[in-house]
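# Examining the three-dimensional arrangement
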Amino acid sequence: MSPRTRTRTLRRVGSALAVTGIGLTLCSGVLAVAAGAATPTPSPTVGTTGLPAGEQTAAGADPATADPAPTTTAPADTPTGTATTTPGQGATDVPTDTPTDTPTTGTAGTPTDSPSATPTGSPTTPPVSLPAGFPTTSSTTTVSWVDGPGHDASDPSYDALHDLSLTVNQTKNVTNQGLTLAWSGAPATSNGRFAANYLQVMQCWGDATTGPTPEQCQWGAPASGLSGLLGDRVGGRTLRAGEDPAQAYTDDYLVPPPLTNPFLRAYAVPFTAVDGTKVWDTSSYFTAATTNELTAVRTGSDGTGTTVFTTQTTLEAPQLGCGDRLTRTTARSCWLVVVPRTDVTADGTPVAQTPDGSMSGSPLSASVWRDRIVVPLGFRPVGSACAIGADEQRVVGHELVADAVTSWQPALCAKGTTYGFSQIGDDEARSQLTSTVEGASRIAFVQDPVDPATAMGAGIQYAPVAQSALVVAYNIDVYDAPGTPGAARNGTPVTDLTLDARLLAKLLTQSYRADVPGGGGKEIAKNPRSIVNDPEFVRLNPDLADFVPASAPDGLLVSLGSSDAAAQLWDWVRADPHAAAFLRGAPDEWGMVINPSYLALGLATDPTLDSYPKADLSTYRQDDTVPAPGYGTLDMRPYMADMQEAARRAQRADAGGKTVWDPTKLPPAFTSSGAQLPGQRFELALTDLSSAERYGLRTAKIVSATGDAVAASDATVRAAVAAMPESATVPGVKVPDPDARVLGAYPLATVSYAAVAVCLATPQDRSAAATFLDLATTTGQVVGDAPGQLPRGYVPLSATDARRGAGLAALLRSPARVAATCPKHSDGPDGTGDGTDDGSPGGTDDGTSTPLPGGTGAGDGGVGGPGTDVTTLPAGPADAGAGQDPDGATGGAAAASGETVAPQVTPASVTAFRLGLAGCLGVGLPCAVAGPILMRRATLLEARAALLAVV
C-alpha cells in the first residue's frame, strides 16, 4: 500500500469512527432521558388553565371559581404595603412586589411616593370639566391657585388668577414621558405675540417639602426663534436691578464680571445643580436643544388650555437627578413648576403701558415666583432594580413590545432572574431563534411567525403577550390665516385629525414639494406644497381649511430599518385601490402625482417591502456661499432611530432636520434651525400607540376599508385582533389582513408574540420563558403606570389569549411534554439537545407544533379556549372532548378535571432502556476516542511525506 493510500484510508476510517462514536454517545443521552422518564413518578396535577393546580392562584387565577383572565381595570399605582419617604432626599419608594389591583383612577392628592410636600395649591379631585380625551391615571392631580401660600386678596395677581386650577394627568411613577396639563380659570392670552396672560412651565429638583427654589429649576434656554414673540427677558434668568420690589439684589445674584469689563454689575438667578454646583452660564448643563422648559403656553379665550410637558430623568438631565436611585427601593423625586404671567409686571405696571406693550422680567424674579403652582412628581427609579449577581436571561424582540417588557422587568427581578431585553428587528429576532451561534436567544418577541422552512427541528411555540397599534401621532397648533373665523383659536392644539391610505402614500413618497430639497423638479411642480394645501386632506379635515398656506409638517417622521410593522403598513396602503393607483403613477382627482423617484421601486406591487425608503436624491443650496452639493433628503427629512424617537421628536416639534449652513462651525456644516415655534407647530410621526401615549401625543383617525374614520382604542384594537385570520403556515398565530372590512376595527392593530424555540432551548431558557409568561399574561396585563403593569397604549389580552400563555408556560415546565414536542431532543450535561424533530405526534417536520383538536372546540377548558382560537401547543391541556391528558396519556376527562394520571411503565421497559444505554456507551465512547486519533495520525503522515518531498 502506498503512503498516500495508507494516509487516505486512515483518514476515512478515523472520520467514520468519530461520526459513529458521536452518534452512539448522543443515542446514550437520549436513552438516559427515556430511562429516567420511564421511572414511575407522580405527574403534576394540571387544571384547566394549563398550569399545575398548585400554581394557578399564584398566576392570577382562582382554581375554584375564577376565569384566569387578567383584570383590565386600571389599578392604583400604589404598591402593596406602605410607601415611605426618606426625609430630605425627595425619595420615591419603589414597590418590590406586584402592585395591587385596586382601581383608584381619578384619585387626587399628594402622591404617596413623593415628598411630603405642601404645594402652592392643594391637590383635589380632578374637575369634571377636563377636556375630552384627557388621559387620566390613578395619580391624576388637580391644584387650585388660591390654595397656595400667600395667594389671597393681598396678592396683586389675585383678581386675575383666583379661579385658576391646574390638572396634571400623572404624578407618580413618572419617567421620560409627556405629562398632559390642563387648566381653567386663567385670563386669555393676547392674540399674536405672547404679550400677556400665559403660562411658563419648568422642571426642578429640590429636597425641601415646600418645593424648589428658583435656583433649582431648569430654565433660561428658550429657542432663538421665540425672541420676536416674547417680551424682555421673560424666557431667561437675568434680573434688572430695581424692577422687582420683592427681589433682593445681593451678591448672591451678582454675575461675575468678565475680564473685559471688571466693573460690570449685572444680576441673574444662578442655577444650582443637584450636586451643589452653582453656575451662571447654564449651557454646560442645558441648551435650547436639550431643555424641556415651556417658555410660553397659550390660554384660550374661554380661560382654558392644555399642553404636554416632557419630563426628564437623570439620564436626560443629570443636573436635576430626577429618578436617581437612592437605595434599592427609593428614587429622587422632583417638581413641576407652573408660573402664570398676568398683564401686570413685577413693579405693578400694566403691560399696556410698557414701551413694547409686553410682559418683561424673568419668572424666577421674587414677585413673579410667588405666584407659582408646584406639583410634586414621584419618579420611577432609573437603572436596574435587579440584585447584582442575579441569574440573567437574554431576550430579544421588536420595538412594539419594548415598553411593556421594560415595565415588567423590575417585577420579574423579584422572581430571581434578570431579563436583559435587546430591541432588534423582527427578521433578526426570528433568525436568533433558529441560529446555531452560541449565545443566540431562544426567546424572542415577533409579529409574524418564523417561516417553517427555516424552523426545522426548533419546535417553536407562540403565545401572544401584547396588543397595540401603529398610529400617526401628531402635534399641531391651530394656525389659521388672520381674519378667518378660526383665528381666535390660534395657538391652541388641534384635537381631531383624519388621514387615509393615499395621504400616507403621498407622505411616504416625498410627493409634496415641501418634502423635497429645493421644492422638487418639474414632475411634481403642480403638486401641493404640503399636506396642508392638499384638497384631499382638507376634505377629510374641513376645520383645517383656513390654515396659513405656508404651514407644513417636517414630512412624516419614520424610523430606520426593516420591521413587520412597516410591512403591515405597506400591505394596508396597497390594499386601498386609490392609494395603490397613486403608487403606480396615476394622479389623484386634483392632479397630484407620485414623486417619480419612487416609481422604480414598485411600491404598489412589492410584497417584500418592510421599510420606508427615501429615494429622492435631490440636493439644494441656497447660494454660492454654500458648498456643493448642498443638503439632501436625509439632511432635510432624517430618519428616526426608532418609533419612540419619532414620538419624542414630534412632541418637541423638532424633527432634527439640518438645512441651515453654519460657516462658523469647525468644520462648517449644516445645522438644525431648532424646534418649531409655539403656535406654529405641525408634526406628524408614524409610531406605535404606546409611544404616542407615553409622550402625550394625539393620534389620527384612519379611514378603514369600510369607509369609516376609526381611532385606535381598546375597543377598536380588540375588534381588529378578533377579526385577524390565522397564519397559513403556523396555526394559532394571527396575522393582519389588509383586505379586512370590519366595522369599528382599527386597521393597523398589532399583536406581539413571545416565541420560544423549545427544542433548542436549555432547561434554564425554558424555565425563564415560563416565568416570564406567568407575569406577562396575568398581572402584566393590568394597565397602569407602576412597574410590572401594562403601560398605557397597550390593550390587555383576551381571556383566551392569556390562557394560551399559561398553557405554554406549563409545557415549558414539563420535561415529558418537551420530549413529546421534540421526540429526539435530550438534555445532556450541558443542558442542550440535538434539536431534531422526526415529525412524530406532538411535533412536525417543519419545527412547529400541531394544535390539539381540543383547542378549537367551543368549550372553555382547553388552552385554545372558546370559539375558534387555536393554540400552537402540541400537548396542552385539552377540554373535556379532547380525550388526552397533558402528557399524551388517555383519560382526558381526568386531566381536565385536575386529577393526577400516572405514566404506564413496566420493569422490562426500564431494563431495556438501561441495556441500550450500556451498549451505546460501550461502543460509542471507544469510537469517539479512536476516530480523532486515526485522523491525527493521517495528518502527521501527510506532513512527513511533504517534508521528505522537499528534502
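The text that follows walks through the structure, step by step, so that each part is easy to find. (Residues numbered from 1 in each chain as written. Predicted model: local features only at pLDDT ≥ 70, side-chain atom pairs only at ≥ 80, totals over all residues. Heavy atoms only, no water.)

## Description of the overall build of the chain
The helix and strand tally for the chain stands at 18 helices and 30 strands. By the burial criterion, 51% of the 951 residues in the chain qualify as buried. The long-range share in the chain, meaning contacts at least 24 apart out of those at least 6 apart in sequence, stands at 71%. Carbon and sulfur atoms make up 57% of the accessible area of the chain, which amounts to about 38400 Å² in all. (Helix = DSSP H or I, 4+ residues; strand = E, 2+ residues; numbered from the N terminus. Buried < 20%, exposed > 50% of the residue type's maximum accessible area, 1.4 Å probe, protein only. Contact = heavy atoms within 4.5 Å. Areas by Shrake-Rupley, 256 points an atom, 1.4 Å probe, with all protein chains shown as cover.)

## As for unusual backbone geometry
A cis amide bond, omega 5°, links A628 with the succeeding residue P629. Of the consecutive residues L666 and P667, the connecting peptide bond is found in the cis state with omega at -5°. Inspection of the secondary structure assignment puts P667 in the loop between β24 (658–662) and β25 (669–672). A positive phi angle, near 65°, is found at R233, a position not held by glycine. Although it is not a glycine, A653 adopts a positive phi angle of roughly 55°. Take A653: it is sitting in the loop between α11 (643–652) and β24. Given a relative accessible area of 0%, A653 falls into the buried group.

## Regarding the sheet that holds strand β15 (residues 373–377)
Reading across from one edge, β11-β6-β14-β15 is the order of the four strands in this open sheet, with antiparallel pairing throughout. The sheet terminates laterally at β11 (294–298) and β15, the two strands that pair on one side only. Neighbour to neighbour, the strand axes of the sheet diverge by 25° on average, direction disregarded. Pairing analysis gives three bridges linking strand β6 (residues 198–204) to β11, with the strands arranged antiparallel. Looking at the pairing, Y198 lines up with R298 of β11. (Pairing = 2+ DSSP bridges. Axes fitted to C-alpha atoms, helices over the stretch in contact; angles between N-to-C directions.)

## A word on the packing of helix α6 (residues 501–508) against helix α8 (residues 564–575)
Between α6 and α8, the least distance of the axes is 9 Å, while the angle of their chain directions is 120°. What the angle tells us is that α6 and α8 run oblique. α8 is crossed by α6, and the crossing has left-handed handedness. For the pair α6 and α8, the contacting residues are A501, L504, A505 and L508 in the first and L569, W570, W572 and V573 in the second. When its residues are assigned to classes, the contact of α6 with α8 shows eight nonpolar, no polar and no charged. (Parallel < 35°, antiparallel > 145°, perpendicular 65-115°, else oblique. Left-handed = near helix turned anticlockwise from the far one by under 90°. Nonpolar A, V, L, I, M, F, W, Y, C, P; charged D, E, K, R; others polar.)

## Comments concerning the sheet that holds strand β28 (residues 701–703)
What the three strands build is an open sheet, ordered β20-β28-β29; its pairing is mixed. Edge positions in the sheet fall to β20 (498–499) and β29 (709–710), since each has one partner strand and no second. Inspection of the sheet shows β28 paired to β29 by two bridges, in the antiparallel sense. Its bridge partner being in β29, I702 is matched across the sheet by V710.

## Observations regarding the state of the cysteines
What the rule picks out here adds up to three disulfides. The residue that forms a disulfide with C204 is C217, at a sulfur-sulfur distance of 2.0 Å. Its S-S torsion of about 100° marks the bond between C204 and C217 as right-handed, since a negative value means left-handed. You can see C204 sitting in strand β6 and its partner C217 sitting in the loop between β6 and β7 (238–239), a full 13 residues away along the chain. The same class applies to C204 and to C217, which are both buried. (Disulfide = S-S within 2.5 Å.)

## Notes on the environment of T137
Within the secondary structure layout, T137 lies in the loop between β2 (123–124) and β3 (141–144). Sequence separation between T137 and N169 is 32 residues; the distance between their C-alpha atoms is 6.1 Å. For T137, the side chain forms a polar contact with the main-chain oxygen of N169, separated by 2.6 Å. (Polar contact = N/O pair within 3.5 Å; in protein donor to acceptor, adjacent residues only side chain to side chain.)

## Focus: the pairing of strand β18 (residues 443–446)
What you see with β18 is no split at all: I443 and F445 on one side and A444 and V446 on the other are buried throughout. When β18 meets strand β30 (residues 749–757), the two strands line up antiparallel, connected through four bridges. In the strand pairing of β30, F445 is matched with A754.

## As for α8
With twelve residues, α8 should cover 16 Å at 1.5 Å per step; its first-to-last C-alpha distance of 16 Å lies within 8% of that length. Within α8, burial applies to D564, A565, A566, A567, Q568, L569, W570, W572, V573 and R574. (Expected span 1.5 Å × (residues − 1).)

## Digging into the packing of aromatic side chains
One pass over the structure, following the stated rule, counts 13 aromatic pairs. A ring pair is formed by W661 and F670, whose centres lie 5.0 Å apart and whose planes are at 70°; its orientation type is edge-to-face. A relative accessible area of 23% places W661 in the partly exposed class. Note on F670: relative accessible area 16%, which makes it buried. Chaining the aromatic ring pairs together yields one cluster made of W408, Y419, F421, F445 and F772. In this arrangement the basic side chain of K506 is found over the ring face of F582, its NZ or CZ atom lying 5.9 Å from the centre. (Phe/Tyr/Trp six-rings, centres within 6.5 Å; stacked < 30°, edge-to-face > 60°. Lys NZ or Arg CZ within 6 Å of the ring centre and 35° of its normal.)

## So, the side chain of Q247
Looking at the secondary structure, you find Q247 in the loop between β7 and β8 (267–268). The buried category is assigned to Q247, whose relative accessible area is 10%. Within the structure, the side chain of Q247 is placed 3.0 Å from the backbone nitrogen of A366, a separation counted as a polar contact. Other than its neighbours up to four places away in sequence, Q247 contacts L239, Y253, L364, S365 and A366.

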